[in-house]
Amino acid sequence: MDALVHTTLATLFTFGMTALGAAVVFFTKKMPSDLFTKLSLGFAAGIMISASMWSLLAPAIEQVEKSGASPVLPVAGGFVLGAIFLSVMDKILPHMHLSSTETEGPHTRLGRNQLLFLAVTLHNIPEGMAVGIAFAAAAAVGEPEAYSGAIALTIGMGLQNFPEGTALSLPLNACGMSRFKAFVFGSMSAIVEPIAAIIVVSLAAYFIPVMPWLLSFAAGAMIYVVVEELIPEAKLGEHSDLGTIAVMTGFVVMMVLDTALG
């Protein structure tokens, strides 16, 4: 029950950060610059890479080693399964990335606005799962450091959700949506985070023996999003150095949060 309460509060925070970013649409009609969008994607990529390592894979390895077993199979196996899960979702859910004009996934009659919404929603799923699994693992371990690590992960996800909300709501408004509707769409793209997290925590009691698999699963899903979507969309042409710095900054911010709190 404690894990469920903590997870709900944590993902309401990450959802709220997305909504806060989406609310920028009420103050400006100006489209986010290409540089802003790509820097924010690079920053998000850095946070997700770091979170996968420090907040998910490292605890998974530690839990397996404490049991006296080898971490190779559960950590590598869970990681691969997480990547496969996101790959399948990528194939069965129609969507369109911010920098693209082509629809991915099955054929659909949905418009560009709905497809952009689905693209952002898709990569928010592993973020919610990661937060839920982190708190479930912390509850199973029962150590303060584990809860601190889950809190650090939550803060990191929230930080990268703010520019994400802005990067979605402003283009939607520019495509003809009212400011209020663009705000709603931008905010609701993150509603899957509390939903995914609560589902994971609700089922976690049945999967405590395989918790390292679940932690690695969430890491694999997040890295898939980074490699498939964030890094390619963060290519900056003449601003490639800035893109690299954005990724490195996100990585360091998440690493500092995890080492300071966890």
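I will try to describe carefully the structure that is included in this document. Quick caveat, the model's predicted, so the values are computed rather than measured.

1. Details of the environment of Phe 117
Relative to the elements of secondary structure, Phe 117 occurs in helix H4 (residues 112-141). Accessibility expressed as a relative area gives 18% for Phe 117, which makes it buried. Aside from chain neighbours lying at most four places away, what touches Phe 117 is Leu 168, Phe 185, Met 188 and Ser 189.

2. Overview of the packing of aromatic side chains
Applying the stated criterion across every chain, the model contains 3 aromatic pairs. Centroid distance Phe 26 to Phe 183: 5.2 Å. Interplanar angle 50°. Geometry classified as tilted. Pair noted here: Phe 26 is in the loop between helix H1 (2-22) and helix H2 (34-66) and Phe 183 is in helix H6 (residues 179-188), with a separation of 157 residues, a long-range link. A relative accessible area of 35% places Phe 26 in the partly exposed class. Exposure remark for Phe 183: the relative accessible area of 21% places this residue in the partly exposed category. Centre to centre, the rings of Phe 85 and Phe 217 are 5.5 Å apart; their planes meet at 45°, and the pair counts as tilted. Of this pair, Phe 85 sits in helix H3 (residues 72-92) while Phe 217 sits in helix H8 (residues 211-233); the two residues are 132 residues apart in sequence, bridging distant segments of the chain. By relative accessible area, which is 29% here, Phe 85 ends up partly exposed.

What counts as what
- Numbers given to residues run from 1 along each chain, matching the order in which its sequence is written.
- Given that the model is predicted, a residue must reach a pLDDT of at least 70 before its local features are reported, and side-chain atom pairs must reach 80 or more before they are shown or counted; all residues, however, enter totals for whole chains, interfaces and linings.
- With hydrogens and water set aside, each side-chain value is computed from the structure's full complement of heavy atoms.
- Only DSSP runs of H or I with at least four residues qualify as helices, and only runs of E with at least two residues qualify as strands; both kinds are numbered from the N terminus onward.
- Type-normalised accessible area, obtained with a 1.4 Å probe on protein chains alone, sets the label of each residue: buried when under 20%, exposed when over 50%, and partly exposed for intermediate values.
- Whether two residues touch is decided by their heavy atoms; if any such pair falls within 4.5 Å, the residues are in contact.
- Pairing of aromatic side chains here covers Phe, Tyr and the six-membered ring of Trp, requires ring centres within 6.5 Å, and sorts the geometry by plane angle: under 30 degrees stacked, over 60 edge-to-face, intermediate tilted.

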